[in-house]
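Structural features, examined
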Amino acid sequence: MKKLKKLISHLSVALLNAPFLRPLPRQSFPDNLAPKLPRRASSRGGHFSLKKVQAEPSTDLSVAIHRASNFVLGMQEPEQGYWADELEADSTLTSEYIMLRHFLGKVNRQKQAKAVRYLLDQQLPNGGWPIYHGGPSEISASIKAYFALKLAGISPDETCLKKARENILAKGGVLKANVFTKITLALFGQFDWRGIPTMPAELIFLPSWFYFNLYAVSYWSRAVIVPLLILFAVKPLCRIPSELGIEELYLEPRSLIKEYFKKDPKPFTWRNFFLAVDRVIKVYDRILPAALRRRAIQKAADWMISHMRGDGGLGAIYPAMANSVIALTCLGHGTDHPAVTKAFRQIERLEIEDEVSLHLQPCVSPIWDTCLTLNALVESGFPEDHPLLARGSHWLLSKQVKTVGDWKMKAPKAEPGGWYFQFENEFYPDVDDAAVVLMALSKIKLPDEETKRKEMLRGFRWVLALQSSDGGWGAFDRNNCRHIFNNIPFADHGALLDPSTSDVTARCLEAMGFLGCDQSYPPAASAIRFIKENQEAEGCWYGRWGVNYIYGTWSVLAGLRSIGEDMKSDYIQRAVDWIKKVQNPDGGWGESCQSYSDPKTKGQGKSTPSQTAWALMALFNANLLEDPSVDRGIEFLLRTQKQDGSWEEKEFTGTGFPRVFYLRYHMYCKYFPLWALSMYRSMKEDGQSRATRIGRKNRQSRYYQSVVAS
């Protein structure tokens with residue numbers, strides 16, 4: 001029977017590699033532009049020539065892997081070789097997009113009607129809007145949606161807005177919204193600038209050696225803050241008719257509000273200190289010389305415009321891109337100015353539109369989707385030199401950063417070599433993407449292996465240079481960990497910084513293992529210490545960039561196995577026990593975004609394909625294969641696979657900012673289950689995963705030994 005299963009497996013791989021399984025051509029996009037994906041395009045699985053399997057969901061492992069591989073392969077962009085699917089966020093971006101168009105006077109009635117339809121579809125029965133699928137209503141998201149709908153012409157007497165208004169007032173009204181919501185409202189005269197923490201434009205002058213400076217906060221904060229410095233200085237106003245305003249969302253008339261910032265009960269806290277500083281800055285803001293302010297605005301404008309070169313937009317993320325467009329108008333540029341037109345066009349590329357609805361992505365994720373897909377396809381049995389894998393690898397190599405970005409401020413000796421997340425974001429490559437790209441490239445053979453290895457060495461050195469002094473890695477910067485700044489009133493979202501995290505650190509360990517390193521390698525030893533110090537009491541690890549402890553624990557166990565750690569160690573077995581403990585009765589695993597705000601809910605939530613795959617791969621990396629929990633997890637993935645080879649997942653399992661902003665990667669439920677099923681098959685048949693076998697081979701390679709030595 002075992003030989004028969006192995007024969008079926010080999011036949012499946014042979015079929016997948018046959019020429020007639022090549023994907024049909026579909027629309028190609030210029031290398032520097034993000035694709036404008038049709039809404040729900042992910043459900044189509046790409047245009048693929050193989051006749052779809054019509055059988056019911058199969059319990060046969062090899063058939064399931066074959067179907068999943070077929071589906072994923074069909075999503076590859078045929079000309080350039082990348083993979084990209086929708087990156088979904090909550091309703092706030094679509095609300096902000098409606099507001100932005102009104103602010104600029106660029107209302108498109110047809111698109112606005114579709115955006116309204118989307119917002120109404122996202123409204124909860126209680127009248128509010130959530131920030132993740134299945135979550136409760138959230139006040140800032142609800143206020144933005146309410147105001148956007150009013151701007152779009154929805155009457156406050158409509159049932160949808162009546163219920164929304166009741167929900168918002170019950171939560172405390174506008175004063176309970178976050179800072180970014182208040183800034184948006186202030187642009188329309190719906191909130192007093194006095195109630196917003198002041199950021200004088202002169203912050204741009206603070207040198208890098210000063211304790212607080214722009215390079216002491218995260219990349220995303222920096223890209224958002226600099227255009228805001230211009231907005232705060234100019235305080236632009238889009239006047240709207242009073243009937244479109246939101247006075248009804250205040251618990252008391254705005255004229256009677258005396259206190260905008262609530263102090264801590266204890267007199268001596270960092271929050272109270274920064275509130276006092278804010279009062280001083282507000283006085284300074286009224287008396288500073290006009291010439292100094294003009295110089296500061298110009299310097300901020302120079303920084304912003306220099307970071308907007310190319311076609312990715314400022315920071316390649318919507319909030320920074322939207323702020324940059326408004327800032328350009330504050331500098332005197334009309335909406336028809338080439339710079340404004342270009343910046344707004346970059347935002348339009350984030351639209352997801354179909355016949356009836358329109359919403360916005362926060363950014364796009366082609367490099368992340370591509371490198372993870374390649375890892376999954378290699379594990380599924382594709383030859384290391386398969387042409388389609390080579391095509392994807394060549395595309396990744398073409399995206400390697402070879403110019404200096406903001407990371408140079410904290411790592412002055414580092415040379416470029418990382419990878420970013422989007423189609424273009426030259427100033428901001430990130431460690432997580434770079435590590436997974438290195439893993440993928442190490443598993444694939446290209447015609448020019450020597451060039452590939454040289455570029456990998458460049459990337460590996462860049463990753464090593466960004467290791468923080470605590471032994472871990474943040475996502476974009478080195479030593480971005482001055483946690484005191486999260487007490488600044490402006491930072492009420494709690495995500496001003498980019499400190500070291502267990503998941504990114506583990507990804508670096510995993511990449512090191514594939515490049516021939518072991519635990520004795522000094523950067524790896526420091527990283528392992530960081531991992532051990534940050535283990536939770538239950539045995540799991542926090543997941544910064546994926547939801548949440550299931551993601552973090554999988555990431556860590558994969559990294560520890562790759563680097564050669566003893567997987568029988570007590571601290572690792574505690575993690576295994578936790579994973580098994582949080583398995584759901586249906587055999588799957590799931591965790592809600594709620595676990596970020598309530599750690600008591602760690603590992604709790606509706607079972608999802610991606611989180612089940614992470615949990616299974618965590619167990620596999622700990623060498624747990626023959627166990628009832630594994631059997632039930634595999635059965636869950638087989639049972640829930642759709643006929644086209646994909647899985648369905650509406651839950652948000654990606655993280656933008658914990659407690660504030662979550663993501664649904666539409667490809668997560670496609671390549672992660674494929675990866676887990678393939679890893680299971682490899683270990684059942686050969687006693688090790690395919691990736692482990694490749695990693696061992698790499699460690700014996702003279703080239704990779706020289707990489708580590710260098």
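Note: the structure precedes this text.
The structure reproduced in this document is the subject of the present report. Since we're looking at a predicted model, the values are computed, not measured.

Considering the overall build of the protein chain
- Within the protein chain, the secondary structure is distributed over 25 helices and five strands.
- Taking 27 Å as the expected radius of gyration for a compact globule of 710 residues, we find that the protein chain reaches 25 Å, a close match to that expectation.
- With the principal axes as the frame, the protein chain shows a C-alpha extent of 80 × 55 × 50 Å.
- Taken over 710 residues, the protein chain has a buried fraction of 63%.
- Contacts in the protein chain between residues far apart in sequence, at least 24 positions, make up 75% of those at least 6 positions apart.
- Total accessible area on the protein chain is roughly 27,400 Å²; 55% of this is exposed by carbon and sulfur atoms.
- Here the protein chain contributes 90 positive and 75 negative side-chain charges, whose respective centroids are spaced 2 Å apart.

Points about the pattern of salt bridges
- Summed over all chains, the structure comprises 32 salt bridges.
- Of the charged contacts in the structure, one is a salt bridge between D85 and K670, with a shortest N-O distance of 3.5 Å. Residue D85 is found in the loop between α2 (61–73) and β1 (87–88), and its partner K670 is found in helix α23 (residues 668–686); the two are separated by 585 residues along the sequence.
- Classification of K670 as buried rests on a relative accessible area of 3%.
- Taking the shortest distance from any N to any O, the salt bridge between E626 and K684 comes out at 2.9 Å.

Digging into the sheet that holds β1
- Ordered by their spatial adjacency, three strands build an open sheet running β1-β5-β4, and the pairing between neighbours is antiparallel. If you trace the sheet from one side to the other, it starts and ends with β1 and β4 (654–657), each paired once.
- Note that β1 and strand β5 (residues 661–665) share two bridges and pair antiparallel. Looking at the pairing, L87 lines up with Y665 of β5.

What about the environment of W578?
- Mapped onto the elements, W578 comes out in helix α20 (residues 570–581).
- Judged by its relative accessible area of 5%, W578 is buried.
- Residues W578 and C540 lie 38 residues apart in sequence; the distance between their C-alpha atoms is 6.6 Å.
- With near-sequence residues (within four places) excluded, W578 lies in contact with E538, C540, Y549, I550, T553, K602 and G603.

Here's the deal with the nonpolar core
- Within the largest apolar cluster, 228 residues are counted, with the highest numbers of intra-cluster contacts made by W368, L560, F620 and F672.
- The residues contacting W368, other than those within four sequence positions of it, are F421, D432, D433, V436, R507, Y551, Y665, Y668 and Y671.

Comments concerning the pairing of β5
- Among the five residues that make up β5, five are buried, leaving the element largely enclosed by the rest of the structure.
- Along β5, one buried face is formed by F661, L663 and Y665 and the opposite face, lined by Y662 and R664, is buried too.
- In terms of strand pairing, β4 meets β5 through three bridges, oriented antiparallel. Note that in β5 the partner of F657 across the bridge is F661.
- If you look at the hairpin formed by β4 and β5, you'll find three residues sitting between the two strands, and R659 has a positive phi there, around 75°.

Re helix α6 (residues 159–170)
- Between its terminal C-alpha atoms α6 stretches 17 Å, which fits the 16 Å expected from twelve residues at 1.5 Å a residue.
- Turning to α6, its buried residues number three or more, namely C160, L161, A164, R165, N167 and I168. Taken down its axis, α6 places every buried residue within 165° of arc, on the same side. Facing away from the buried side of α6 by over 90 degrees, the exposed positions are T159, E166 and A170.
- Contacts made by the buried residues of α6 are with α4 (109–122) and α5 (139–151).

Thresholds, definitions, all that
- Residues numbered from 1 in each chain as written.
- Predicted model: local features only at pLDDT ≥ 70, side-chain atom pairs only at ≥ 80, totals over all residues.
- Heavy atoms only, no water.
- Helix = DSSP H or I, 4+ residues; strand = E, 2+ residues; numbered from the N terminus.
- Rg over C-alpha atoms; globule rule 2.2 N^0.38 Å.
- Buried < 20%, exposed > 50% of the residue type's maximum accessible area, 1.4 Å probe, protein only.
- Contact = heavy atoms within 4.5 Å.
- Areas by Shrake-Rupley, 256 points an atom, 1.4 Å probe, with all protein chains shown as cover.
- Lys, Arg positive; Asp, Glu negative; His and termini not counted.
- Charge placed at Lys NZ, Arg CZ, Asp CG, Glu CD.
- Salt bridge = Lys/Arg side-chain N within 4 Å of Asp/Glu carboxyl O.
- Pairing = 2+ DSSP bridges.
- Core = buried A, V, L, I, M, F, W, Y, C linked by side-chain atoms within 4.5 Å.
- Expected span 1.5 Å × (residues − 1).
- Arc of directions from axis to C-beta.

Everything listed here is a matter of coordinates, which is why it stays silent on function.
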